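Spelled out from the first residue to the last, the chains are:
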Amino acid sequence: MTKFLRTASLLGILILCLAGSRSEGQGRRGGPPSPRQQPSRTLRIEYPPLFFREDWKLDPNAPNVNTADEPEHPIGPGDVANPNLEVRLYGDKAGTRIADQTYNNHSTYAMTLLCTSNCAITLRDKNNDVDLSGVATLRWRTRISGFHYLHPIIKLADGTWLIGDKAAGLSTNWVESEIQMVDVRWRNLDINNVVEASDGYWVDYPDLSRVEEIGFTDLMRGAGHGSGGGSRIDWIEVYGKPVPRASAARTK
């Protein structure tokens, strides 16, 4: 009986060790162990200031490629209304467009309707990165058609690209919505092809204290003019703490 109890005890200890090892290995929802721990929680909330707002404007010097009632052209540096920002394009750059609805109080917006392959648009402050930790928030006014979903994307200061699972979806008319970054689950982004990275892992608790570029993609080609499928972005706001960039002249 004593030998049996000793054997049973050893088996019990072995089972507990295996269970603990398995639990640790599943810390990243099935992927490799996360290099970062979950941030500490607190009841004290510090709301960050408005880091930037972009409303877009139609560059008068760019040639119109649409009708006189709704002029448009591929997005360029002259289409950014905020003088502190610069626009970056990825994927099908020629397909990203700025349009002006002259018949609708000159409503000006960026859009992905004409992208013939995946495309992405980001904005970068000329002097500062931004701290998107805590309750940092993205707000925007969008009009999404078809099966498209507009996802936030970010480029960290170390060059890492991430895409979030939260998204703006279908709406017949313009709607305002917001995404709190603390609620977002992230995956790596292949920015050259504007697709999710092939590793298939979630990136748990990424360090968002230094973000260099902030933008969006719907991970799909557009369906062309009309309501077949695509995303329109009237304005975008980002609330976060500015972090002076080590070298304002640095570009990646």
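Calculation rules
- Residues numbered from 1 in each chain as written.
- Predicted model: local features only at pLDDT ≥ 70, side-chain atom pairs only at ≥ 80, totals over all residues.
- Heavy atoms only, no water.
- Core = buried A, V, L, I, M, F, W, Y, C linked by side-chain atoms within 4.5 Å.
- Buried < 20%, exposed > 50% of the residue type's maximum accessible area, 1.4 Å probe, protein only.
- Helix = DSSP H or I, 4+ residues; strand = E, 2+ residues; numbered from the N terminus.
- Contact = heavy atoms within 4.5 Å.
- Pairing = 2+ DSSP bridges.
- Salt bridge = Lys/Arg side-chain N within 4 Å of Asp/Glu carboxyl O.
- Disulfide = S-S within 2.5 Å.
- Phe/Tyr/Trp six-rings, centres within 6.5 Å; stacked < 30°, edge-to-face > 60°.
- Lys NZ or Arg CZ within 6 Å of the ring centre and 35° of its normal.
- Polar contact = N/O pair within 3.5 Å; in protein donor to acceptor, adjacent residues only side chain to side chain.
- Lys, Arg positive; Asp, Glu negative; His and termini not counted.
- pLDDT = per-residue confidence, 0-100.

Draft legend 1. Molecular detail of the nonpolar core. The biggest cluster of nonpolar side chains holds 35 residues, and the ones touching the most others in it are Trp56, Leu132, Ile154 and Ile214. Elements with a minimum of two residues in this core: strand 1 (50-54), strand 3 (85-91), strand 6 (119-125), strand 8 (137-145), strand 9 (151-156), strand 15 (211-217) and strand 16 (230-239). Ignoring sequence-local partners within four residues, the contact set of Ile154 consists of Leu132, Thr160, Trp161, Leu162, Trp186, Leu208, Val211, Glu213 and Ile214. Ranked by size, the runner-up nonpolar core spans 8 residues in total, among them Tyr90, Trp161, Leu189 and Val194.

Draft legend 2. Structural detail: the pairing of strand 10 (residues 161-164). Alternating positions in strand 10 separate into two faces, Trp161 and Ile163 on one and Leu162 and Gly164 on the other, with burial throughout. Two strands pair when backbone bridges link them, and strand 9 and strand 10 are joined in this way by 3 bridges, in the antiparallel orientation. From the neighbouring strand, Ile154 faces strand 10, where its bridge partner is Leu162. Here strand 9 folds back onto strand 10 in antiparallel fashion, the turn holding 4 residues, of which Gly159 has a positive phi close to 100°. Pairing between strand 10 and strand 12 (residues 186-190): 3 bridges, direction antiparallel.

Draft legend 3. Quick look at the pattern of salt bridges. All told, the structure shown has 16 salt bridges when counted by the stated rule. Here Arg88 and Glu213 are joined by a salt bridge, their closest N and O atoms 3.2 Å apart. Of this pair, Arg88 sits in strand 3 while Glu213 sits in strand 15, and the two are 125 residues apart along the sequence. For Glu213, a relative accessible area of 0% corresponds to the buried category. Here Arg124 and Glu212 are joined by a salt bridge, their closest N and O atoms 2.8 Å apart. Separated by 88 residues along the polypeptide, Arg124 in strand 6 and Glu212 in strand 15 bring together distant segments of the chain.

Draft legend 4. Representation of the state of the cysteines in the model. Counted by the stated rule, this structure contains 1 disulfide. Here Cys115 is linked by a disulfide to Cys119, with a sulfur-sulfur distance of 2.1 Å. Torsion about the S-S bond of the Cys115 and Cys119 cystine: about 95°, corresponding to right-handed handedness.

Draft legend 5. Highlighting the packing of aromatic side chains. Evaluation of the coordinates by the stated rule reveals 4 aromatic pairs. Taking the centre distance of 5.7 Å and the plane angle of 55° together, the rings of Phe51 and Phe52 count as tilted. A residue is classified by how much of its surface remains accessible, and Phe52, at 3% relative accessible area, is buried. Here the guanidinium or amino end of Arg53 rests over the ring plane of Trp235, the centre of that ring lying 4.4 Å away. When the ring centre of Trp202 is taken as reference, the NZ or CZ atom of Arg185 above it lies at 3.8 Å.

Draft legend 6. Highlighting the environment of Arg124. Using a relative accessible area of 2% as the deciding quantity, one classes Arg124 as buried. In the structure, Arg124 is positioned 88 residues away from Glu212 in sequence and 6.2 Å away in space, judged by C-alpha atoms. Separated by 2.7 Å, the side chains of Arg124 and Glu86 make a polar contact. A polar atom in the side chain of Arg124 sits 2.8 Å from the side chain of Glu212.

Draft legend 7. Just the side chain of Asp92, in detail. Mapped onto the fold, Asp92 is located in the loop between strand 3 and strand 4 (97-101). One buried charged residue, Asp92, forms no salt bridge at all, with the nearest opposite charge on Arg97 at 7.4 Å. Once you skip the residues sitting within four places of it in the chain, Asp92 turns out to touch Leu114, Cys115, Thr116, Ser117, Asn118 and Cys119.

Draft legend 8. Examining the confidence of the model for the protein more closely. Looking at the protein, pLDDT values average 87 and 81% of them are 70 or higher. Under a pLDDT of 50 for its full length, residues 7-30 has, in the predicted model, 13 contacts with residues more than four places off or in other chains.

Draft legend 9. Unusual backbone geometry, seen in detail. Its identity as a non-glycine residue notwithstanding, Trp56 has a phi of 70°, on the positive side. The residue Trp56 is located in the loop between strand 1 and strand 2 (72-74) in this model. You can call Trp56 buried: its relative accessible area is 4%. You will see that Leu219, though not glycine, has its phi angle at about 55°, which is positive.

Draft legend 10. Representation of the environment of Pro48 within the structure. Residue placement: Pro48 occurs in the loop between helix 1 (2-25) and strand 1. When the C-alpha positions of Pro48 and Val238 are compared, they lie 9.6 Å apart, and in sequence the two are 190 residues distant. Contacts of Pro48, omitting those with residues within four sequence positions, involve Val135, Ala136, Tyr239, Gly240 and Lys241.

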